[in-house]
Amino acid sequence: MASSWSSSSSSSTSTGTLLQLLCLCAAFPVALQAAVRPPSVTIGALFTFDSLIGRSARTAIQLAVNDVNGDPDVLRGTNLSVIFQDTKCSGFVGTIQALELMERQVVAVVGPQSSDIAHVVSHVANQLRVPLLSFAATDPALASKQYPYFVRATHDDRFQMAAVADVVAHHGWREVTAVYVDNDYGRGGVVALGDALEANRARVSYKAAFPPGADRAAIADLLVRANMMESRVFVVHASPDSGLDVFAAARSLDMMAAGYVWIATDWLAAAAIDGAGAGAASKSDIQGVLILHQYTPDSDAKASLVSRFAAASKASSNAINAYGLFAYDSVWMAARAIDQFLSNTSDGNISFSADPNVRDANGSALGLSALKVFDQGEQLLRKVMLANFTGVTGSVRFQFDADGSGTLINPAYEILNVGGTGVRRVAYWSNYTRLSVAAPRLLADGGPPPNSTTTQQQQQMYSVIWPGDTTAKPRGWVFPNNGKPLRIGVPYRTTYKQFVSKDRSSPDGVSGYCVDVFNAAVALLPYPVPVSFVLFGDGVKNPSYNELVQRVADGFFDAAVGDISIVTNRTRVVDFTQPYVESGLVIVSTVKAKSSNEWAFLRPFTPGMWAIIGAFFLFVGAVVWILEHRFNPEFRGSPRKQMVTMFWFSLSTMFFAHRENTVSTLGRFVLIIWLFVVLIINSSYTASLTSILTVQQLSTGIQGLDSLLSSNDPIGYQVGSFARSYMMEELGVPASRLRELAIDDYADSLQRGPSNGGVAAIVDELPYVELFLSTNCQFRTVGQEFTKSGWGFAFQRDSPLAVDLSTAILTLSENGDLQRIHDKWLNPGTCASQSTDGVGADRLNLGSFWGLFLICGVACFIALLIYFARILCQFCEYHGTGTTAGAAQEDDGAGPFPDQQRSLRRPARLTSIRDLMSFVDMKEAEVKRAIRSRSDRRLDGSMGGRSYTSEGPSLSRPSSMSPV
């Protein structure tokens, strides 16, 4: 029994021990997990304490650390601590302070504030694998893959420079002057500005860089040089602590007056708009300035932070700015990344190890061996890059570029305008809505994704109060105030100097139509433009206009004034004004007048045409006679009279002078169609005869561009003209056919012709040709103008003077001054310009009129067919009437024909053609009377006992009557 109990007790003890072990094993992972989280984690903060951004960032970072430690859902059981290091606005000091932070084994660094320090410290972070979360370093170059451990927790300057470029493009400005601090931050921003402007066909025309720490006098000297340039659009990209000196110096130089445009990047918002900076800066220095401000919509979290920030900064009177908000979110981004790292790691260990590449040299006291590598730095960096949460900066979510560059996406800016004692918003900007007066819908609000094309809005802004307290948009540029007049290249023409050439008697040294148009246009500009005309050419022959345009493109000339054609290859290198005269290539050829003789009136028609006309006159006359003979007494009478009537009627219709009236329907139908044919023939004859007697004929046979290209004859062109390159490149004319000629040689070359060493035609621009033809009547243009262009003034690319002069040229055209200048220099001469549309007029042949004759012939045939069908019906009916009538008239002693007795003794059918002709010659009234008489007699016979023979109807004589 004891043994049994003992065994049972032993078994129970073993079972209890096993259960305890199982419970311990089940609880061990939980205890292990709780044990892996370290009690505290340290991060660093690297920025300049005594700066506008630094004062705001320090309080914001401390508040963020407190909020993280007070949130039980973040860093559960792990305390977050921060070590602050002051860079003192020095790259060297900032580097030393960064090394000290790394020596204290921080897992991440919030900062640095400066882009200069960020470039240096990023190399340290790469080596020691410590992520940098910068809230204020905005240099776009920091997004390079060279700095994988640099994470930008704010927007880089590419975006705000794109916003600046859109503002510039919205107002139509083409050039800006960049005023910036000469460090990595300033230079990187200006490079981004240049790229953004170039996308909008604008450019940075002058870069005014001042060194960091420059005093107001140095900045004033820089602005004086910048003010000598033509651009009046200034973009200021400086630091909040020293940038206000730029506006103070500009105001002292009277550069904040009307006509100037000042645009400041977001540094000015931190310096003069947000918080305490607003009281420190004088609003009078920045009146009319446009300021970019990072858009952070109002939210409960932001309002709470601002309230707590104000309470924590009562003693210093600091106020939070946009950079302070991003600094606050940077701490939360680091805390969330650390929390995810600690939750996902197996052992939760944070360790540092020595780097064999980082050690002190012999005798060195730098203590580099104290710098340790963060072993889990790469894993923590991945967690940072996956950050996606809504911070106090508003609805912007922390998401990074897909390429891992570590830059916040979906930026948004407000564009503010300083006016009076306040600031008002004139537009918003985001990278998917661009400029708009409506606030951008960000991703957290259900807005569109980046680069969405479905939500693109038309760029728009509210009206702006510009410097000088004006709402009128500044022109954006003036003529440069550097004492140098514009160098204007003028072609030194040796022929047709009416257009432009040297003139010693003129104050400008040049004169001509083109020069007068230019001077008249310049006189309409609202600002003075001093110019200096420089002749281009040797004075022996006309210069090459392509070379003149290229000199403008190369900067040797500021502009070119003259008879310069606007063609495609020239527009690629220079900008042209509005054309002030129409131009285009035309063909000039020799013409001669054909001598006329006494038989010239026969030339409009060919012999075949004359024969057809004559035949149709006779044919139509005969048809009308046939149709009218039985109805119209005017077409009856003796054979001689009827022949004369027929011929007279047909020929008189040529002049619509026929006196005979047509009474039959068919006759009138034929006559109407014939009169229409006669009308067309008369009109064509008159036009052709006029052309033959007055129009000159081409002696070369070239009638237009097609015939010119198909021939092998030589072609002339003016010296220096673009006609040579156009014919060779566009028309495929071989160079062997082209002859370079001075205008004075045009007449001789055309008169000699291809067979005597001359040319068959000359291709030149219309204004030259019109002047040439005004004194040379034996030549004419042939064909149509086969290019359309004009003459304009050439300026260097993106020159705003070209736009203003174009407006002035349009004004000259509208008020008539342009035409008056044209009439002054370009007289029409002794020969009136003539068109050659009728050169070489052809004689008219049957091919032009066969349709008319066909219609007329068909009408005549149809009329005759109907007429003879009707005659045949009447003849058949009359044949029966004639037989019966003859028997009756035998009793009475009378009949319709002289041989009436014979008709009773033979068959009633008439077989003689003579009888048929006699029937046709009868009047219509006689035939109808005979037919009607037959019907009456038949009716009487049926009542009086008529009898019929087998051969046909006949009248039975009464017994009391005997034949005569």
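Preceding block: the structure.
Given the structure is predicted, the values throughout are model-derived calculations rather than measurements.

For A169, the location among the structural elements is in helix α5 (residues 157-170). Note on A169: relative accessible area 34%, which makes it partly exposed. Placed 32 residues apart in sequence, A169 and R201 show a C-alpha to C-alpha distance of 8.3 Å.

Next up on the list: the side chain of H119. Structurally, H119 is set in helix α4 (residues 115-128). Judged by relative accessible area, H119 falls into the buried class, the value being 14%. Residues contacting H119, with those up to four places away along its chain left out, are D139, A141, L142, Y147 and D184.

Relative to the elements of secondary structure, D804 occurs in helix α24 (residues 800-815). Despite its burial, D804 pairs with no opposite charge; the closest candidate is R475, at 4.1 Å N-O. At a separation of 2.6 Å, a polar atom in the side chain of D804 contacts the side chain of Y527. Once you skip the residues sitting within four places of it in the chain, D804 turns out to touch R475, W477, L525 and Y527.

As a further point, take the packing of helix α3 (residues 91-103) against α4. In the contact formed by α3 and α4, the axes pass within 9 Å of each other and the chain directions differ by 25°. Taken together, the axes of α3 and α4 are roughly parallel relative to one another. Both α3 and α4 take part in a crossing whose hand is right-handed. Where α3 abuts α4, its residues G91, G94, T95, A98, L99 and M102 lie against I117, V120, V121, V124, A125 and L128.

This part is about the packing of aromatic side chains. Evaluation of the coordinates by the stated rule reveals 31 aromatic pairs. Ring centres 6.2 Å apart and planes at 70° place the aromatic pair F47 and F135 in the edge-to-face group. Of the two residues, F47 is situated in strand β1 (residues 40-47) and F135 in the loop between β4 (132-134) and β5 (150-152); the sequence distance between them amounts to 88 residues. With a centroid separation of 6.2 Å and an interplanar angle of 35°, the aromatic rings of Y726 and F786 are classed as tilted. Remark: F786 occurs in the loop between β28 (779-782) and β29 (789-791) and Y726 occurs in helix α21 (residues 723-729); sequence separation between them is 60 residues. Relative accessible area serves as the criterion here: at 21%, Y726 is assigned to the partly exposed category.

With that settled, consider the pairing of strand β13 (residues 412-419). Summarising burial for β13: seven of the eight residues are buried, a large majority. Judged from the five bridges that link them, strand β10 (residues 290-294) and β13 form a sheet pairing that is antiparallel. When the sheet's bridge partners are listed, I291 is paired in β13 with L416. If you look at the hairpin formed by β13 and strand β14 (residues 422-430), you'll find two residues sitting between the two strands, and G420 has a positive phi there, around 70°.

Once that is clear, we can look at a positive patch on the surface. A grouping of K923, K928, R929 and R932 is seen on the molecular surface, where their side chains present a positively charged patch. Locating K928 in the fold gives a position in helix α29 (residues 924-944). For K928, a relative accessible area of 42% corresponds to the partly exposed category.

Turning to a nonpolar patch on the surface, a few remarks are in order. Judged by side-chain polarity, L854, V858, F861, I862, L865 and I866 come together as a nonpolar surface patch covering roughly 560 Å² of accessible area. Looking at the secondary structure, you find I866 in helix α26 (residues 850-892).

The subject of this paragraph is the pattern of salt bridges. Tallied over the full model, the rule gives 21 salt bridges. Close ionic contact of D67 with R308 constitutes a salt bridge, the shortest N to O distance being 2.9 Å. Here D67 is found in helix α2 (residues 52-69), whereas its partner R308 is found in helix α11 (residues 300-312), with 241 residues between them in sequence. Residue classification places R308 among the partly exposed positions, given a relative accessible area of 29%. D748 serves as the salt-bridge partner of R752, at 2.9 Å between the closest nitrogen and oxygen. In this pair, R752 and D748 both sit in helix α22 (residues 746-752), four residues apart, roughly one turn of the helix. Using a relative accessible area of 31% as the deciding quantity, one classes R752 as partly exposed.

Glancing now at the sheet that holds strand β15 (residues 434-436). Spatial strand order, β7-β6-β8-β9-β10-β13-β14-β15: eight strands in an open sheet with mixed pairing. Looking at the sheet topology across the chains shown, the edges are occupied by β7 (203-210) and β15. Neighbour-to-neighbour, the strand axes of the sheet open up by a mean angle of 25°, direction not taken into account. As paired strands, β14 and β15 are joined by three bridges and run antiparallel to one another.

What counts, and where the lines are drawn
- Residues numbered from 1 in each chain as written.
- Predicted model: local features only at pLDDT ≥ 70, side-chain atom pairs only at ≥ 80, totals over all residues.
- Heavy atoms only, no water.
- Helix = DSSP H or I, 4+ residues; strand = E, 2+ residues; numbered from the N terminus.
- Buried < 20%, exposed > 50% of the residue type's maximum accessible area, 1.4 Å probe, protein only.
- Contact = heavy atoms within 4.5 Å.
- Lys, Arg positive; Asp, Glu negative; His and termini not counted.
- Salt bridge = Lys/Arg side-chain N within 4 Å of Asp/Glu carboxyl O.
- Polar contact = N/O pair within 3.5 Å; in protein donor to acceptor, adjacent residues only side chain to side chain.
- Axes fitted to C-alpha atoms, helices over the stretch in contact; angles between N-to-C directions.
- Parallel < 35°, antiparallel > 145°, perpendicular 65-115°, else oblique.
- Left-handed = near helix turned anticlockwise from the far one by under 90°.
- Phe/Tyr/Trp six-rings, centres within 6.5 Å; stacked < 30°, edge-to-face > 60°.
- Pairing = 2+ DSSP bridges.
- Patch = residues over 30% accessible without salt bridge, like charges linked within 9 Å, V, L, I, M, F, W, Y side chains within 5 Å.
- Areas by Shrake-Rupley, 256 points an atom, 1.4 Å probe, with all protein chains shown as cover.
- Charge placed at Lys NZ, Arg CZ, Asp CG, Glu CD.

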